Amino acid sequence: MANRKGVFIGAYVPADLKKSLQQRAASEHRTLSQEITRILEESVRGARLPPGFTDRRAPNSPARRRDSDPLPRRRKDDLPFVGDQSSKDD
């Protein structure tokens, strides 16, 4: 057996919940233990970033541009938005 560096937490889990957790873990290519650990981490530390996503913002960085720019946000030389014209021709 693998040498584990953690604490075993025993808890009663209804059979239907265990089955759902196993299916979710399998769909994400994880073990049941890894899925439960992920859920516990997210509940304590908050949701993680998606795989491959790097958050480059500093913890106290100002709001993103969309939050701070006044309307209209489009540049004055931009062309206006033209929707899908194919449905109007029929």
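Structural notes, computed from the coordinates. (Residues numbered from 1 in each chain as written. Predicted model: local features only at pLDDT ≥ 70, side-chain atom pairs only at ≥ 80, totals over all residues. Heavy atoms only, no water.)

Focus: helix H1 (residues 15–27)
Think of an α-helix as 3.6 residues a turn; residues three or four steps apart then line up on the same face. Note the cut-off: Working definition: helices are DSSP H or I runs of at least four residues, strands are E runs of at least two. Numbering for both runs from the N terminus. Helix span, as expected, comes to 1.5 Å for every residue beyond the first.
For H1, with 13 residues, the first-to-last C-alpha span of 18 Å sits near the 18 Å given by 1.5 Å per residue. Trailing H1 by a residue or two, His-29 shows a phi angle of about 60 degrees, which is positive.

Re unusual backbone geometry
Negative phi values dominate among residues other than glycine, just as trans dominates among peptide bonds. Filter applied, for reference: The buried label applies to any residue whose accessible area, calculated with a 1.4 Å probe on protein chains only, is under 20% of its type's maximum; exposed applies above 50%, and partly exposed to all values in between.
For His-29, which is not a glycine, the phi torsion comes out positive at approximately 60 degrees. You can see His-29 is positioned in the loop between H1 and helix H2 (32–45). For His-29, a relative accessible area of 75% translates into the label exposed.

Section: H2
The terminal C-alpha atoms of H2, which comprises 14 residues, lie 20 Å apart, in line with the 20 Å expected from a rise of 1.5 Å per residue. Of the residues trailing H2, Gly-46 is marked for its positive phi of about 95 degrees.

In short, the description is geometric, and any link to function would need to be established separately.
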